[in-house]
Amino acid sequence: RDLERIPSSLSDFNVDGGLHRPVRLVYIPAGGLARIYATPHRNVDGTWRVLIEGRFFGGNSTTASVTIRITDPNGQIIETLNREVSPAVEKSALAEITMKDPQLWSPKNPLLYGLDVAVTSAQGTSHAFERFGLRTFEFEEHAPFKLNGERLALYGTHRHEDFAGVAS
């Protein structure tokens with residue numbers, strides 16, 4: 001073993017290091033968006049409620065202006081909301097919308113809505129984009145899997161990229 005070499009050459013994996021992909025430096029102001037979340041829930045009456053939440057990078061901004069745009073799977077804006085929030089590091093609710101008769105996601109028709117959020121405070125502006133789909137699924141005991149109320153057969157496979165058929 002060569003103690004001057006990191007990582008150890010005793011590994012059964014490739015011994016290398018460094019950056020393997022392009023790297024970008026992105027400026028995000030204090031109080032800017034760290035992540036956004038869209039959590040859909042189907043209501044009993046068939047409408048959908050989508051909770052929009054966000055996490056912010058720490059900052060000394062007391063309030064920030066938030067603009068939320070929701071686009072349909074074709075990219076058309078279906079709703080725009082403006083809010084004032086207090087940026088928090090923990091996940092916090094930004095808005096909640098109700099969607100009537102939305103287009104559902106499925107493997108044959110993978111329709112995704114877009115969530116575009118811009119936050120502006122005294123420290124600057126940050127922007128985040130996320131896609132989300134609406135679908136229901138059921139796992140019933142001794143029954144078929146159902147996606148959006150319809151039966152869907154699930155098939156699995158094991159695939160190893162280096163040596164086919166010789167994986168753990």
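Residues numbered from 1 in each chain as written. Predicted model: local features only at pLDDT ≥ 70, side-chain atom pairs only at ≥ 80, totals over all residues. Heavy atoms only, no water.

It is not clear to me how the overall build of the chain should be interpreted in this structure. Could you clarify?
On a plain count of helices and strands, the chain comes out with 0 helices and 10 strands. Expressed as a percentage of the 168 residues in the chain, the buried residues total 27%. Carbon and sulfur atoms make up 49% of the accessible area of the chain, which totals about 12,500 Å². (Helix = DSSP H or I, 4+ residues; strand = E, 2+ residues; numbered from the N terminus. Buried < 20%, exposed > 50% of the residue type's maximum accessible area, 1.4 Å probe, protein only. Areas by Shrake-Rupley, 256 points an atom, 1.4 Å probe, with all protein chains shown as cover.)

Please explain the nonpolar core as it appears in this structure.
In this structure, Val50, Ile68, Leu115, Val117 and Phe132 are the most contacted members of the largest nonpolar core, which totals 24 residues. For this core, the secondary-structure elements that each account for two or more residues are strand S1 (33–42), strand S2 (48–56), strand S3 (64–71), strand S4 (77–85), strand S5 (92–99), strand S6 (113–121) and strand S7 (124–132). Residues within four places of Val117 in sequence aside, it is in contact with Leu33, Ile36, Val66, Thr67, Ile68, Ser126, His127 and Ala128. (Core = buried A, V, L, I, M, F, W, Y, C linked by side-chain atoms within 4.5 Å. Contact = heavy atoms within 4.5 Å.)

Looking at this structure, how should I read unusual backbone geometry?
Even without being a glycine, Asp101 presents a positive backbone phi close to 55°. Mapping Asp101 onto the fold places it in the loop between S5 and S6. What makes Asp101 exposed here is its relative accessible area of 73%. Unlike most non-glycine residues, Asn148 shows phi in positive territory, near 55°.

Even after reading the chapter, I still don't get the pattern of salt bridges, so can you show me in this structure?
It is possible for side chains of opposite charge to pair when their charged atoms get near one another. A full pass over the atoms with the stated rule returns 2 salt bridges. In this structure, Glu96 and Arg49 form a salt bridge, with 3.9 Å as the shortest nitrogen-oxygen distance. Of this pair, Glu96 sits in strand S5 while Arg49 sits in strand S2, and the two are 47 residues apart along the sequence. Judged by relative accessible area, Arg49 falls into the partly exposed class, the value being 32%. Taking the shortest distance from any N to any O, the salt bridge between Glu53 and Lys91 comes out at 3.9 Å. Highlighted residues: Glu53 in strand S2 and Lys91 in the loop between S4 and S5, separated in sequence by 38 residues. (Salt bridge = Lys/Arg side-chain N within 4 Å of Asp/Glu carboxyl O.)

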